[in-house]
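# Breakdown of the fold
Each chain, letter by letter, is given below.
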Amino acid sequence: VTVAGKSPVGNIECHPFLPDDILCNARAVVEYRKTLGGHDRGFKRSIVALQSPEVSEVAEGASLLVWDVEGALLRPALSDIMSVPVLPNNWAYRPNERLRLEARIQNGLSVLSELYPGIFEAFCATVTHLVFARCAGYTGGSISKRIGIIWLAPEAHWSTVFVAENVLHEFLHQALFLDEMVNGMFIGGAEQLNQDDALTISAVRRTRRGYDKAFHSAFVAYGLIRFYQRAGDSDHARDMVSPLLVCLDDLVDKRRMLTPHGEALLADLVGHCLRTACELQ
Amino acid sequence: MADNASDSDLRGAALAAAHTSELAADNIRRYLAMHSTDVAAWKMRILDQAIAETKAIVDKSAHLAVTQLQLYLENREA
């Protein structure tokens, strides 16, 4: 797979998406896990032990691609991520669909590793499972209580670049969860973050959402803008800039919801976004 | 003298590292407790036409947002 016109920079420059940020946060989780006793484990075994202890199969190194959630005991995790008590009837892909999609997913991962080798290395070191399950109207998701597990709902019409975009999208959420876990970003929990005066315009959905959701949306939108710039699709990147700036303005306005670390991240992002907006003008 | 200074640097660095790791452990504990019940799920919805139609309004607001954001960074640096 070739990606035309990619820029020479191989990272999404802002914190906490630098590979060192992600790996450093992963190390902090391993150190924390060691304080609870037991033997020295890698990040994946540590995070699964802390958040998804029922999951049976974990491999340090490459992420596991899971099409059969029963075998890996991932049904509860998938229900959590989909936010449904019971999985939809047709969640599982048929063998012939799976065969076609597997090649597309591998190509998408290759695009990601080609565009962002450092981020891809961090992805392999921290994403335990990529779980594939269909759910009408959604492309995938992540959840704060299941760090390491990414759900994707690929369709036959997804291009290789769209696969890469969606994998990256979910991984950026993972990097934010991990940074929040280790360094703390928000003042208070869901109750405060979802109060009416904390609702903030999302950079992706463009509706008012809880402060943490909008905060994530801004970082993910910036990551995807850089992704599309790097993949040579500046028009797509440009379309995403205005909603991101509006979202950032609202996030800055309500920055009382952030810890000092959270605000430092936001200010860093604002600087990067203003520069990127100029580049794309 | 040089050895003393370097010992003290190392002690300082070790204390700082211990403090950082304590802080991280506190944050991790808090996160695990909070997110076991207070769960935030990010499901990526397929975007619809209604979102595309807001483009003109959003573009207009973005101009104002740039000025505000520049001001925010200037004030932060001052």
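Above this text sits the structure in question.
Presented here is an overview of the structure given in this document. Keep in mind it's a predicted model, so treat the numbers as computed, not measured.

### Brief notes about the interface of chain B and chain A
Contacts between the two partners involve 35 residues from chain B, matched on the other side by 53 residues from chain A. When chain B packs against chain A, close to 4,000 Å² is buried across both sides, 65% of that on carbon and sulfur atoms. Three residues, Trp 42, Lys 43 and Met 44 of chain B, lead the burial of chain B against chain A; their summed loss comes to 23% of the area buried on that side. In this assembly, chain B and chain A are joined by one salt bridge.

### What about the pattern of salt bridges?
Residue and element names in this part refer to chain A. A complete count under the given rule lists 18 salt bridges over all chains for this structure. Salt-bridge contacts for Lys 34 lead to Glu 31; the nearest nitrogen and oxygen are separated by 3.3 Å. Of this pair, Lys 34 and Glu 31 both sit in helix 1 (residues 19–35), separated by three residues, roughly a single helical turn. Residue Arg 255 is joined to Glu 263 by a salt bridge in which the shortest nitrogen-to-oxygen separation is 3.4 Å.

### Examining the packing of aromatic side chains
All names here are of chain A. Applying the stated criterion to the full structure yields 11 aromatic pairs over all chains. By way of ring pairs, the aromatic residues Phe 17, Phe 186, Tyr 211, Phe 215 and Phe 219 are connected into one cluster. Above the face of the Tyr 116 ring, Arg 230 is positioned so that its terminal group lies 5.7 Å from the ring centre.

### Concerning empty space enclosed by the protein
What the rule picks out here adds up to three cavities of 30 Å³ or more. Volume-wise, the largest cavity comes out at about 140 Å³. In terms of lining residues, the largest cavity is bounded by 16 residues, among which His 169, His 173 and Arg 209 of chain A together with Trp 42 and Met 44 of chain B are the most central. Of all the secondary-structure elements, those providing two or more residues to the lining of the largest cavity are helix 6 (160–183) and helix 8 (211–230) of chain A together with strand 1 (41–45) of chain B. Counting residues per element, the lining of the largest cavity draws most heavily on strand 1 of chain B, which supplies five residues. Residue composition of the lining of the largest cavity, by class: five nonpolar, five polar and six charged. Its boundaries defined by the atoms lining it, the second largest cavity holds a volume of some 40 Å³. In terms of lining, the second largest cavity is formed by Ile 22, Thr 126, Val 127, Ile 147, Gly 148, Phe 171, Gln 174, Ala 175 and Leu 178 of chain A. With four residues, the top contributor of residues to the lining of the second largest cavity is helix 6 of chain A. Considering only residue class, the lining of the second largest cavity consists of six nonpolar, three polar and no charged.

Basis of the calculations
- Residues numbered from 1 in each chain as written.
- Chains lettered and ligands numbered in written order.
- Predicted model: local features only at pLDDT ≥ 70, side-chain atom pairs only at ≥ 80, totals over all residues.
- Heavy atoms only, no water.
- Contact = heavy atoms within 4.5 Å.
- Buried area = accessible area lost by both parts, 1.4 Å probe.
- Salt bridge = Lys/Arg side-chain N within 4 Å of Asp/Glu carboxyl O.
- Helix = DSSP H or I, 4+ residues; strand = E, 2+ residues; numbered from the N terminus.
- Phe/Tyr/Trp six-rings, centres within 6.5 Å; stacked < 30°, edge-to-face > 60°.
- Lys NZ or Arg CZ within 6 Å of the ring centre and 35° of its normal.
- 1 Å grid on protein atoms, 1.4 Å probe; cavity = no way out; pocket = protein on both sides within 12 Å on 5 of 7 lines; lining within 4 Å.
- Points joined across faces, edges and corners; volume = space filled by probe spheres on them.
- Nonpolar A, V, L, I, M, F, W, Y, C, P; charged D, E, K, R; others polar.

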